[in-house]
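A closer look at the structure
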Amino acid sequence: MEPKKDTKDIFLKTASRLFRHQGYHATGMNQIIKESKKPKGSLYHFFPNGKEELAIEAVLMTRKSSSEHLKKTIEPYQSPVEAIQALFRHFEKELDIDYIKEGGPAPIGLLTLETASMSQELRSVCRDTYYEWQSILEQKFIKCGLSKKVAAEKSVTTIVLMEGAVTLSIANQSTEPFSIVSKQLFHLFNN
């Protein structure tokens, strides 16, 4: 018998993939049930409040794994530019073209845009995810010697560049935007 946590994780991973590929509004609970190959009762056992609750937990799952990965990727570098270039190179290298064609790395941006006006709680979870990523970057930049104010501004800039690179990569079905941003970081961060 499969442990309950595994069933819940399967629902979360399935929902996250579907939200990323086709959006929140185009993803129905029946499709999540069908593609997860788990019983309907199990879905509502774990997520009694429905799709919004499932989306919130999917964002929290993404936040946790992405935050850990972000820390690990930038940790070895001594300069902010090197750390962020490593992050962009990682995305360029790790995201294969099929993954980009399917909708990109994470559901956060799409979910934020799609649901901000309809769900305060989901918007807040997305906002807090961005804050966490900004905080990780800000702390790294401070550790690299930047002032708190400059580190805060550069962390926001990095998130905006990352989101833009994700969007352009999806639109162009290419990881080239990550390469272009990586090359321009020296100029952007050293002015």
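Residues numbered from 1 in each chain as written. Predicted model: local features only at pLDDT ≥ 70, side-chain atom pairs only at ≥ 80, totals over all residues. Heavy atoms only, no water.

1. As for the pattern of salt bridges
- Considering all chains together, one arrives at six salt bridges under this definition.
- Where Lys 8 meets Glu 57, a salt bridge forms, and the shortest distance between an N and an O atom there is 3.1 Å. In this pair, Lys 8 is assigned in helix α1 (residues 4–22) and Glu 57 in helix α4 (residues 51–74), connecting sequence segments 49 residues apart.
- Its relative accessible area of 24% is what places Lys 8 among the partly exposed residues.
- Residue Glu 57 is classed as partly exposed on the basis of its relative accessible area, which comes to 21%. (Salt bridge = Lys/Arg side-chain N within 4 Å of Asp/Glu carboxyl O. Helix = DSSP H or I, 4+ residues; strand = E, 2+ residues; numbered from the N terminus. Buried < 20%, exposed > 50% of the residue type's maximum accessible area, 1.4 Å probe, protein only.)

2. Focus on the side chain of Lys 51
- Along the chain, the position of Lys 51 falls in helix α4.
- Despite its burial, Lys 51 remains without a salt bridge, the nearest opposite charge being carried by Glu 114 at 7.3 Å.
- For Lys 51, the side chain forms a polar contact with the main-chain oxygen of Thr 27, separated by 2.7 Å.
- With near-sequence residues (within four places) excluded, Lys 51 lies in contact with Phe 19, Tyr 24, His 25, Thr 27 and Met 29. (Lys, Arg positive; Asp, Glu negative; His and termini not counted. Polar contact = N/O pair within 3.5 Å; in protein donor to acceptor, adjacent residues only side chain to side chain. Contact = heavy atoms within 4.5 Å.)

3. Notes on the environment of Leu 60
- Within the secondary structure layout, Leu 60 lies in helix α4.
- Linking Leu 60 and Cys 126, residues 66 residues apart in sequence, is a C-alpha distance of 8.5 Å.

4. A word on the packing of helix α8 (residues 120–143) against helix α9 (residues 148–172)
- Look at α8 against α9: their axes get within 8 Å of each other, and the N-to-C directions meet at 130°. Taken as axis vectors, α8 and α9 run oblique relative to one another. Crossing hand, α8 versus α9: right-handed. Residue-level contacts link Tyr 130, Trp 133, Gln 134, Leu 137, Glu 138, Phe 141 and Ile 142 of α8 to Lys 148, Ala 151, Ala 152, Lys 154, Ser 155, Val 156, Thr 158, Ile 159 and Glu 163 of α9.
- Tallied by class, residues from the contact of α8 with α9 come to nine nonpolar, three polar and four charged. (Axes fitted to C-alpha atoms, helices over the stretch in contact; angles between N-to-C directions. Parallel < 35°, antiparallel > 145°, perpendicular 65-115°, else oblique. Left-handed = near helix turned anticlockwise from the far one by under 90°. Nonpolar A, V, L, I, M, F, W, Y, C, P; charged D, E, K, R; others polar.)

5. Section: unusual backbone geometry
- Phi angles above zero are rare outside glycine, and Lys 37 is one such case at about 60°.
- Residue placement: Lys 37 occurs in the loop between α2 (29–36) and α3 (40–46).
- One non-glycine residue, Gln 173, adopts positive backbone phi at about 50°.
- One can find Gln 173 in the loop between α9 and α10 (176–189).

6. Observations concerning the packing of aromatic side chains
- Enumeration over the complete set of coordinates arrives at four aromatic pairs.
- Arranged with centres 5.8 Å apart and planes meeting at 85°, the rings of Tyr 130 and Trp 133 form a pair that is edge-to-face. Within this pair, Tyr 130 and its partner Trp 133 are both found in helix α8, separated by three residues, close to a single helical turn. The pair formed by Tyr 130 and Trp 133 is uniform in burial state, with each residue classed as buried. (Phe/Tyr/Trp six-rings, centres within 6.5 Å; stacked < 30°, edge-to-face > 60°.)

This is a description of form; function is not addressed.
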